[in-house]
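Structural characterization, general
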Amino acid sequence: FVKNGLVTDAIHLKNSWSLRTANDIDCYERLALPAVSREKLNSIYNEMVERHGRLTREKGAEHDEVLLQSEVEPLPERRCLAVYCLCNSSNWNPTVTLTNFVKDVKNLLGRYHCYYESMKESNVTTLLEGVLHWTYIGLIGFQIFDKIELPEGYGDVVESTLLCHLPRFKINFSRLVLTSKSIILLGFPTADVNSTRVRLRRALKRCGLPLFEPYFNDIVHMTLVRFASPICDVTLAALQQKVNDFGNSLSFGSLSVDELKMSPATWKMQAQELLQYQSGQTKSIKLL
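I will try to describe carefully the structure that is included in this document. (Residues numbered from 1 in each chain as written. Predicted model: local features only at pLDDT ≥ 70, side-chain atom pairs only at ≥ 80, totals over all residues. Heavy atoms only, no water.)

So, the packing of aromatic side chains
Inspection of every chain in the model, using the stated rule, returns 6 aromatic pairs. Each ring, one from Tyr45 and one from Phe188, has its centre 5.4 Å from the other, and the planes form 65 degrees; the classification is edge-to-face. Of this pair, Tyr45 sits in helix 1 (residues 22-59) while Phe188 sits in strand 9 (residues 182-189), and the two are 143 residues apart along the sequence. Residue class for Tyr45 comes out buried when judged on its relative accessible area of 0%. Taken together, the ring pairs connect Trp134, Tyr136 and Phe169 into an aromatic cluster. A cation sits over an aromatic face here: Arg226 above Trp267, 5.3 Å from the ring centre. (Phe/Tyr/Trp six-rings, centres within 6.5 Å; stacked < 30°, edge-to-face > 60°. Helix = DSSP H or I, 4+ residues; strand = E, 2+ residues; numbered from the N terminus. Buried < 20%, exposed > 50% of the residue type's maximum accessible area, 1.4 Å probe, protein only. Lys NZ or Arg CZ within 6 Å of the ring centre and 35° of its normal.)

A word on the sheet that holds strand 8 (residues 169-178)
Strand order in the open sheet formed by 7 strands is 4-11-8-9-10-5-6, and the pairing between neighbours is mixed. A strand with exactly one partner marks an edge of an open sheet, and here the two such strands are strand 4 (92-94) and strand 6 (129-131). Strand-to-strand twist in this sheet, taken as the mean axis angle between neighbours without regard to direction, amounts to 30 degrees. Pairing of strand 5 (residues 114-117) with strand 10 (residues 221-226), which is carried by 2 bridges, proceeds in the antiparallel orientation. Bridging from a neighbouring strand, Cys114 pairs with Arg226 of strand 10. Against the sheet, helix 5 (residues 233-246) engages strand 8 and strand 9, with an angle of about 140 degrees to strand 8. (Pairing = 2+ DSSP bridges. Axes fitted to C-alpha atoms, helices over the stretch in contact; angles between N-to-C directions. Contact = heavy atoms within 4.5 Å.)

Re the pairing of strand 8
The buried fraction of strand 8 is high, at 8 of 10 residues. Sheet topology note: the strand 8/strand 11 (residues 253-257) ladder contains 5 bridges and is antiparallel. Within the sheet, the bridge partner assigned to Lys170 lies in strand 11 and is Ser256. As paired strands, strand 8 and strand 9 are joined by 7 bridges and run antiparallel to one another. Bridge assignment links Leu176 to a residue of strand 9, and that residue is Leu185. The hairpin formed by strand 8 and strand 9 contains 3 residues between the paired strands.

What to know about helix 4 (residues 193-206)
With 14 residues, helix 4 should reach 20 Å at 1.5 Å per residue; the first-to-last C-alpha distance of 20 Å fits that figure. Buried within helix 4 we find Val193, Thr196, Arg197, Arg199, Leu200, Arg201, Ala203 and Leu204. Phi for Gly208, located one or two positions after helix 4, is positive at around 70 degrees. (Expected span 1.5 Å × (residues − 1).)

Topic: the nonpolar core
Formed by 64 residues in total, the largest nonpolar core has its most connected members in Trp134, Leu139, Val158, Ile183 and Leu255. In terms of residue count, strand 8 provides more of this core than any other element does, 6 residues in total. Leu139 has contacts with Leu81, Ala82, Val83, Tyr154, Val158, Leu200, Leu204, Leu211, Phe212, Glu213 and Met262, leaving out every residue within four places of it along the chain. Counting 11 residues, the second-largest nonpolar core is a separate cluster that includes Ala82, Tyr84, Ala271 and Tyr277. (Core = buried A, V, L, I, M, F, W, Y, C linked by side-chain atoms within 4.5 Å.)

Next comes the structure, spelled out in structure tokens:
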């Protein structure tokens, strides 16, 4: 595939002995690849549900007491560099099913946990409120965030790669998984997100730019709650049953991803935390 005189990538097409135009390939990439991506994601999610179900049964729940502390000035190990999308009233459309699920979870767990919800109009959140968000990719992990100085032009490489390969898209969140530390939503995007993640990794490597992902991200998920207090086995079992009861829902909500941001990120993603990074450290990437 040649663009602007450079070979950018190759995509396998069935019965492709004849010459294909750039528009043919672009159409195939935008329409056919997301369907393949959905099958792969569903397979990954099935494995996740089975694995985390086994781990929670064997080891029980874990909690993170640091979430109970103020993070207006987050600890160094609680910051990373990421590309993400914050949920707000204009891009996030939750269903009644999700609203009911979260209400039931709060009744089971109580208040001393970190619940993630859409950004409020006032941009003010309390100590145990996180902002619901989808992380496209973590670029610099938590443990080494303060040890890396980004070269000039780093954000431009990220932005140009995404603008070239990632169009505006939607994510339909239709699966749940309970882990030992959290409850997360799993979604299916209308764009092949994983292939663009691969392209971005290759672009950064090709340019000799740092990439220290905190974990290899090949799923599309949002965290609904992180456990900040101890959870007994009886409550954990009830929580698993609640996840199972809601697990067959067609949709928990859809997120329209028209814009991504690249900036230092925190565990809670509260507005008052991110405000300190607005000046010169945040890049807005408006997808085409």
